[in-house]
Amino acid sequence: NAGVTQTPKFQVLKTGQSMTLQCAQDMNHNSMYWYRQDPGMGLRLIYYSASEGTTDKGEVPNGYNVSRLNKREFSLRLESAAPSQTSVYFCASSDFSRTAKNIQYFGAGTRLSVL
Amino acid sequence: QKEVEQNSGPLSVPEGAIASLNCTYSDRGSQSFFWYRQYSGKSPELIMSIYSNGDKEDGRFTAQLNKASQYVSLLIRDSQPSDSATYLCAVGGNNDMRFGAGTRLTVKP
């Protein structure tokens, strides 16, 4: 089992460019999450999806959009990248809706630089 | 604002010692509590989860939760150099999760 797979692993963008970060999980989890991690600030929740067809804002949603394409896939889109969005992005999934235990499993991360 | 606070460290302990990591949280409605370990350049991996007051032991790791004091801790017994990492405290509510900034632990041989 691959668990949670994120693509790409690295990306460099110019200010104003757009891109989509992809995430897929093979654990049949209902809940999926997108975080960003900046030095000294821990993980901050951008958006989450409790189930297929639903999405909700997290702590830092501005500048991002998400799509829960199906149960397996949850993508994060930057419409017009800004240097402040330089960060490491992690996708995670959990079986929270079934177990009520929000144990999250993380992908390997995408390291994004916006110049 | 839901806050999760950790001492940023670095915390340095000699090999074989007990490492004690602490975390406080602000949301009294929090229901689940986690400790993740993150090696440099890697993704977080779950070490412990705890949902009720008291202690929970798993091998060399013990998580302690005190909801009245809004406090959760992680003890690592017989610390090994391979335990050197950043430890993230995470506090969950209704399908959301807040992480602390992490405590960097160094175990010296």
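Rules and cut-offs
- Throughout this document, residue positions are counted from 1 along each chain, in the order its sequence is written.
- Lettering of chains starts at A and numbering of ligands starts at 1, both following the order in which they are written.
- With the structure being a predicted model, the display of local features is reserved for residues of pLDDT at least 70 and the display and counting of side-chain atom pairs for 80 or more, all residues being used for whole-chain, interface and lining totals.
- Working from all heavy atoms in the structure, the side-chain values ignore hydrogens and water.
- For salt bridges, the criterion is a side-chain nitrogen of Lys or Arg within 4 Å of an Asp or Glu carboxyl oxygen.
- Helical segments are the DSSP runs of H or I of at least four residues, strand segments are the runs of E of at least two, and each set is numbered from the N terminus.
- Burial classification: accessible surface area is computed with a 1.4 Å probe over protein chains only, and a residue below 20% of its type maximum counts as buried, one above 50% as exposed, and the rest as partly exposed.
- With a 1 Å grid laid over protein atoms only, a set of points is called a cavity when a 1.4 Å probe fits there but cannot get out and a pocket when it is open yet has protein on both sides within 12 Å along at least five of seven lines; lining residues have an atom within 4 Å of a point.
- Grid points are joined across faces, edges and corners, and a volume is the space filled by probe spheres set on the points.
- Side-chain classes follow a simple rule in which Ala, Val, Leu, Ile, Met, Phe, Trp, Tyr, Cys and Pro form the nonpolar group, Asp, Glu, Lys and Arg form the charged group, and the remainder, Gly included, forms the polar group.
- Any pair of nitrogen or oxygen atoms within 3.5 Å is treated as a polar contact; in protein, a donor-acceptor pairing is required on top of that, and neighbouring residues in sequence qualify only through side-chain atoms on both sides.
- Paired strands are those between which DSSP finds at least two bridges.
- Orientation is described by lines fitted to C-alpha atoms, with helices fitted over the stretch in contact, and by angles between N-to-C directions that extend from 0 to 180 degrees.

Caption draft 1: Structural context of the pattern of salt bridges. Inspection of the entire model under this criterion finds seven salt bridges over all chains. Note that E59 of chain A and R98 of chain B form a salt bridge whose closest N and O atoms lie 3.4 Å from each other. Taken together, the residues span two chains, with E59 of chain A in the loop between β6 (56–57) and β7 (64–68) and R98 of chain B in strand β10 (residues 97–99). With its nearest N and O atoms 2.9 Å apart, the salt bridge here joins D83 of chain B to R60 of chain B.

Caption draft 2: Just unusual backbone geometry, in detail. With an omega of -5°, the peptide bond between T7 of chain A and P8 of chain A qualifies as cis. Within the secondary structure, P8 of chain A is located in the loop between β1 (4–7) and β2 (10–13). One non-glycine residue, Q70 of chain B, adopts positive backbone phi at about 55°. Within the secondary structure, Q70 of chain B sits in the loop between β7 (61–66) and β8 (71–76). The class of Q70 of chain B is buried, set by a relative accessible area of 12%. If you check the backbone angles, D78 of chain B has positive phi at about 50° while not being a glycine. Within the secondary structure, D78 of chain B sits in the loop between β8 and β9 (85–92). The class of D78 of chain B is partly exposed, set by a relative accessible area of 41%.

Caption draft 3: Region of interest: the layout of surface pockets. Reported here for the largest pocket is a volume of approximately 430 Å³. Taken together, 23 residues form the lining of the largest pocket, with Q37, P39 and G40 of chain A together with Q38 and T86 of chain B sitting closest to its centre. Secondary-structure elements contributing two or more residues to the lining of the largest pocket are β9 (87–94) of chain A together with β9 and β11 (103–108) of chain B. A total of three residues in the lining of the largest pocket trace back to one element, the largest contributor, which is β9 of chain B. The residue inventory of the lining of the largest pocket, partitioned by class, reads eight nonpolar, eleven polar and four charged. Computed from the structure, the second largest pocket encloses a volume of approximately 190 Å³. Looking at the second largest pocket, it is lined by 13 residues, and the ones nearest its centre are M41 and E59 of chain A together with E3, V4 and F99 of chain B. When the residues that make up the lining of the second largest pocket are grouped by side-chain class, the tally is five nonpolar, two polar and six charged.

Caption draft 4: Expanded view of the side chain of N102 of chain A. All names here are of chain A. Here N102 is to be found in the loop between α1 (96–99) and β10 (105–106). Polar side-chain contacts of N102 include one of 2.9 Å to the side chain of S94. Polar side-chain contacts of N102 include one of 3.2 Å to the side chain of Q104.

Caption draft 5: Examining the sheet that holds strand β8 (residues 74–78) of chain A more closely. All names here are of chain A. Read from one edge of the open sheet, four strands run β1-β3-β8-β7, paired in antiparallel fashion. Whereas interior strands pair on both sides, the edge strands pair on one side only; in this sheet they are β1 and β7. In this sheet, adjacent strand axes meet at a mean angle of 15° when their direction is disregarded. As judged from the four bridges shared by β1 and strand β3 (residues 19–25), these two strands associate in the antiparallel manner. Counterpart to Q6 in the pairing with β3 is C23.

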